Amino acid sequence: MFPPRFAYQAPRSLEEAISLLGSSGDYAKVLAGGQSLVPMMKLRFASPDVIIDINNLPGLDYHRAGPDGSFHVGALARHADLEWSSLLGQTQPTMAAAAPLIADPLVRNRGTLVGSLCHADPQGDWAAVMIALKGQVVAQGPAGRRTIDMKDFVTGPFETALAHDEIAVEAVVPPAQGARKGGYLKLERRVGDFATCGAAVALETGPAGDVIKAGIALCGVGGATIDAVDAADALIGQPLGPAVIDTAASLAAGAANPGSDHRGSADYKRHMVHTFVTRLLTSPNAALDASMRTAA
Amino acid sequence: MTVVRDDPGAAGEAAGNVPTATIRFTINGARKIAEIEPRLLLADLIRGGTGLTGTHRGCDTTNCGACTVLVDGVPVKSCTMLAVQVDGRSVTTVEGLAGPSELHPLQEGFKAEHGLQCGFCTPGMMMAAKGLLDRNPDPTEEEVRWALSGNLCRCTGYQNIVKSVLWAARKLREADGSDGS
């Protein structure tokens with residue numbers, strides 16, 4: 001298989017890339033890791049007239065903590081960069097738990113977090129993680145930069161709030177007010193498969209252990225990434241005990257809207273959401289501790 | 001009735017109206033220049049363009065890893081990267097592991113531990129393993145399994161493939177030790 005014909009541009013600066021995007025008509029695509037875009041082009045699900053390859057742009061392959069405690073992931077940071085990052089392991093438990101579960105090791109060497117968000121697949125792992133973390137995407141266009149909340153960034157399956165001449169340059173996790181806890185669990189039939197069910201939990205707790213901020217998001221169990229707001233709100237102001245955990249897990253399972261398919265029945269998937277959210281709330285950071293990345 | 005006639009587009013393509021790009025890259029240490037269509041996949045540049053058919057095209061859908069090569073030392077699926085993207089970069093295929101009359105420890109390991117049956121997945125397995133051993137010369141069995149989890153084998157059940165990579169890791173460490181490095 002090979003993609004349909006397209007014009008290829010490999011700009012050397014972000015300004016040049018944005019300018020090319022603006023002058024490339026209405027079907028130009030930005031190529032970062034290409035691990036979703038290239039397969040879609042080969043299957044002719046996507047037939048862009050112009051490809052703007054941003055892999056030669058300098059200074060976008062970073063992930064770093066800001067002075068205010070925020071966390072920033074550049075458009076060319078690969079999943080593998082995050083998987084092997086000690087900084088991520090020490091400061092961002094939900095992201096650190098998810099990074100090793102994205103696709104497979106070879107895909108993780110090319111694919112990017114920001115590209116996954118822009119691809120906006122309802123089964124995408126990173127969208128659930130970033131919604132749980134109440135993250136943001138920074139878009140740059142001809143008029144400058146703007147910051148878009150994750151909950152507003154994805155406007156539908158494979159659709160985002162990006163204008164045709166904007167490039168998503170980084171993803172941002174805002175600074176934590178409390179102690180950050182959380183994790184990500186994914187049910188998949190084999191390495192590299194899409195999530196049958198994925199659950200991301202991001203908590204911040206106060207000195208007494210009570211939850212002061214919470215996000216729970218699901219992927220694979222509906223036509224879009226699901227922000228389980230009611231489940232997260234049920235945790236606010238509470239210490240994490242069995243009763244409140246069961247309430248939140250039940251609300252999350254209720255927020256799921258799965259279909260029955262070859263990966264499992266709707267009831268099974270909803271049950272797995274309950275199980276995953278219970279596990280993540282009972283032992284936040286356990287998913288991370290169990291990962292070989294931090295054990296090594 | 002069946003009518004076959006010349007495709008008017010063909011003349012245009014022959015006249016050079018198809019967009020092409022000129023790329024310079026290194027493959028297994030040899031410097032190359034190629035005139036290619038931007039839609040050419042890296043796997044096809046390697047197999048069709050340079051004639052290095054050790055890189056296998058398996059699923060062609062980013063699932064199996066048979067087409068794994070190193071780009072600037074990092075293992076990637078060459079069916080899921082555009083050839084034009086290796087402009088200025090260095091590609092290593094299974095043919096580049098060792099010279100024509102010698103075996104790389106990974107190749108020796110697959111021989112010693114019976115790490116293949118049909119051999120179709122083997123080049124991809126070796127290149128993914130090369131990426132691992134370059135980064136981690138002393139991996140655990142679990143780390144080998146993790147690193148190869150994007151490569152599918154339909155013959156051996158992976159057991160001997162993992163043993164082969166661990167065999168190669170030992171051999172490479174011993175060679176490093178004897179160099180005093």
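Sequence order as written defines the numbering, with residues in each chain counted from 1. Chain A is the first chain written and ligand 1 is the first ligand written, with later ones labelled in order. A pLDDT threshold of at least 70 governs which residues receive local features in this predicted model, and a stricter bar of 80 or more applies before side-chain atom pairs are shown or counted, although totals over entire chains, interfaces and linings include all residues. Calculation of side-chain values draws on the structure's entire complement of heavy atoms; hydrogens and water are dropped beforehand.

### Comments concerning the sheet that holds strand E4 (residues 63-65) of chain A
Residues and elements named next belong to chain A. What counts, and what does not: By definition, two strands form a pair when at least two bridges between them are found by DSSP. Think of it this way: any DSSP run of H or I at least four residues long counts as a helix, any run of E at least two long counts as a strand, and we number them from the N terminus. Note on geometry: axes are lines fitted to C-alpha atoms, helical ones only across the stretch in contact, with angles between N-to-C directions running from 0 to 180 degrees.
Spatially, 5 strands are ordered E4-E5-E10-E6-E7 in an open sheet, and the strand pairing comes out antiparallel. Every interior strand has two partners, whereas the edge strands, E4 and strand E7 (144-149), have only one. Ignoring strand direction, the axes of neighbouring strands in this sheet form an average angle of 25°.

### What to know about the domain arrangement of chain A
Interface size is commonly expressed as the accessible area that is lost once the parts come together. Residue and element names in this part refer to chain A. What counts, and what does not: Note that the domain bounds were set by an automatic or database domain assignment. We call two residues in contact whenever any of their non-hydrogen atoms come within 4.5 Å of each other. The term buried area refers to how much accessible surface (probe radius 1.4 Å) is lost by two components on association, counted for both of them together. Just to be clear on terms, a salt bridge is a Lys or Arg side-chain nitrogen sitting within 4 Å of an Asp or Glu carboxyl oxygen.
Each assigned domain of chain A is listed with its residue range as follows: domain 1 (7-53), domain 2 (63-173) and domain 3 (179-291). A straight line from the C-alpha centre of domain 1 to that of domain 2 covers 19 Å. Counting from both sides, the interface comprises 13 residues of domain 1 and, opposite them, 17 residues of domain 2. Taken together, both faces of the contact between domain 1 and domain 2 bury some 1,100 Å²; the carbon and sulfur share is 72%. Connecting domain 1 to domain 2 are 0 salt bridges.

### Focus: the side chain of Asp-121 of chain A
Residues and elements named next belong to chain A. Where we set the bar: Polar contacts here mean pairs of N or O atoms no more than 3.5 Å apart (in protein, one a potential hydrogen donor and the other a potential acceptor; neighbouring residues in sequence count only if both atoms are side-chain atoms).
Looking at the element boundaries, Asp-121 is found in the loop between helix H7 (113-119) and helix H8 (125-132). Engagement of the side chain of Asp-121 in a polar contact is seen with the backbone nitrogen of Gln-123, the distance being 2.8 Å. Sequence-distant contacts of Asp-121, defined by excluding residues within four places in its chain, comprise Phe-158 and Phe-194.

### Comments concerning the nonpolar core
Residue and element names in this part refer to chain A. Threshold: Only buried residues count toward a nonpolar core, which is a set of Ala, Val, Leu, Ile, Met, Phe, Trp, Tyr and Cys residues joined through side-chain atoms within 4.5 Å. Classification of residues uses two cut-offs on accessible area relative to the type maximum, computed with a 1.4 Å probe and protein chains only: under 20% is buried, over 50% is exposed, and between them is partly exposed.
Among the nonpolar cores identified, the biggest contains 57 residues, and Met-95, Leu-113, Leu-117, Trp-126, Val-129, Met-150 and Ile-167 are the most heavily contacted of them. Examining the composition of this core, we find that 7 residues originate from one element, H8, more than from any other. Leave out the neighbours within four places in its chain, and Val-129 touches Thr-94, Met-95, Ala-98, Tyr-184 and Ala-200.

### Quick word on unusual backbone geometry
Residues and elements named next belong to chain B. Phi at Asn-28 is positive, roughly 50°, even though this residue is not glycine. Mapping Asn-28 onto the fold places it in the loop between strand E1 (21-27) and strand E2 (30-36). Residue Asn-28 is classed as partly exposed on the basis of its relative accessible area, which comes to 27%. Of note in the backbone geometry, His-114 takes a positive phi value of approximately 55° without being a glycine. Inspection of the secondary structure puts His-114 in the loop between helix H3 (105-112) and helix H4 (122-135).

### Observations regarding the packing of aromatic side chains
The line we're drawing: Between 30 and 60 degrees the pair is tilted, below 30 it is stacked and above 60 it is edge-to-face, where a pair is any two Phe, Tyr or Trp rings, Trp via its six-membered ring, whose centres lie within 6.5 Å. Comment: the charge-over-ring label is applied if NZ (Lys) or CZ (Arg) is within 6 Å of the ring centre and within 35 degrees of the ring normal.
Here the structure, examined in full by the defined rule, presents 0 aromatic pairs over all chains. Directly above the aromatic system of Tyr-62 of chain A lies the positively charged group of Arg-64 of chain A, at a separation of 3.9 Å from the ring centroid.

### Structural notes on a nonpolar patch on the surface
Spelled out, the test is: Patch building starts from residues that exceed 30% relative accessible area and form no salt bridge, then joins like charges within 9 Å and nonpolar side chains (Val, Leu, Ile, Met, Phe, Trp, Tyr) within 5 Å. Working definition of accessibility: Shrake-Rupley area with a 1.4 Å probe, residue cover restricted to the visible protein chains.
On the surface, a cluster of nonpolar side chains totalling about 310 Å² of accessible area is made up of Met-1, Leu-43 and Phe-45 of chain A. Along the polypeptide, Met-1 of chain A turns up in the segment before strand E1 (7-9).

### Section: the interface of chain B and chain A
Put simply, the test is: Note that Gly is not counted as nonpolar here; it falls among the polar residues with everything else outside the nonpolar set of Ala, Val, Leu, Ile, Met, Phe, Trp, Tyr, Cys and Pro and the charged set of Asp, Glu, Lys and Arg.
Counting residues at the interface gives 33 residues for chain B and 33 residues for chain A. Between chain B and chain A, roughly 2,800 Å² of surface is buried when both sides are summed, and carbon and sulfur atoms account for 59% of that area. Counting across the interface, chain B meets chain A through 3 salt bridges. One salt bridge in this structure joins Lys-77 of chain B and Asp-104 of chain A, with 2.5 Å as the shortest N-O distance. The interface formed by chain B and chain A contains 12 residue pairs in polar contact (both at pLDDT 80 or more). For the side of chain B that touches chain A, the secondary-structure elements that each account for two or more residues are strand E4 (74-77), H4 and helix H5 (141-147) of chain B. Broken down by class, the residue content of the side of chain B that touches chain A amounts to 14 nonpolar, 10 polar and 9 charged.

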